[in-house]
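Notes for the structure review
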Amino acid sequence: MEALEQDLTRERIRKQLEAFERFLQSQGHASLVEVSMTADGIKVTLSDELTFDSGSAQLLPAARHVLREFALSLNEDITEIEVQGHTDNVPLSRGSIYDSNWHLGAARSVSVIYFLQEQTPFDPRTFRATSFGEYRPIADNRTAEGRRQNRRVEIYVRLSSLTETVDFSDPA
């Protein structure tokens, strides 16, 4: 029975993601947001071009619009929403309020969480902010394009219907 429920959940998620991707295309943001299913839920990657100005953790209006639409697709099946902040390896300017890229990544993940929390009915304990700063690059930081790809926010939505396990062991 659980496998059938997981299949139904995956189908529902697939349809929600397709609707979200249509929204992104209609807004001209499809190239700035990557959406995929994971083993236990959903992963959304937001480019910093959409989310923040350089060296800032204040969400841009376009990011707020995208995150608001994303929040509408979330349901009560969620066990955790983790937001990860990633940066490139370029040192911050001397006048920055952040001590390091790690701090900037953390501030950005918290900004996204605050916004999502305002948009959803979820208990604050559902949210987790993490920062990897410059230490988990997905591209080469020696090129402008690589640095652009590394500056991102990743949102992981974990669903209880995909993370619950059944113990089939014999209790005897």
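Residues numbered from 1 in each chain as written. Predicted model: local features only at pLDDT ≥ 70, side-chain atom pairs only at ≥ 80, totals over all residues. Heavy atoms only, no water.

It is characteristic of soluble globular proteins that their nonpolar side chains tend to be buried jointly. Grouped together as the largest cluster of nonpolar side chains are 34 residues, with contacts concentrated most on V33, L46, I81, V112, L116, I155 and V157. Of all the secondary-structure elements, those providing two or more residues to this core are α1 (2-27), β1 (33-38), β2 (41-47), α3 (61-72), β3 (78-86), α4 (101-119) and β5 (152-159). Beyond its immediate sequence surroundings of up to four residues, I155 is in contact with I42, K43, V44, L46, L67, F70, I81, E82, V83, V112 and L116. (Core = buried A, V, L, I, M, F, W, Y, C linked by side-chain atoms within 4.5 Å. Buried < 20%, exposed > 50% of the residue type's maximum accessible area, 1.4 Å probe, protein only. Helix = DSSP H or I, 4+ residues; strand = E, 2+ residues; numbered from the N terminus. Contact = heavy atoms within 4.5 Å.)

Here the focus is the sheet that holds strand β4 (residues 127-133). One open sheet accounts for five strands, arranged β1-β2-β5-β3-β4; its pairing is mixed. Among the strands making up the open sheet, the edge pair consists of β1 and β4. On average, each strand axis in the sheet is inclined to that of its neighbour by 15°, with strand direction left out of account. Taken together, the eight bridges between β3 and β5 define a ladder with antiparallel strand orientation. Note that in β5 the partner of V83 across the bridge is I155. With respect to the sheet, α1 is in contact with β1, β2 and β5, its orientation differing from that of β1 by roughly 175°. Sitting on the sheet, α3 touches β1, β2 and β5, and the angle it makes with β2 is about 175°. (Pairing = 2+ DSSP bridges. Axes fitted to C-alpha atoms, helices over the stretch in contact; angles between N-to-C directions.)

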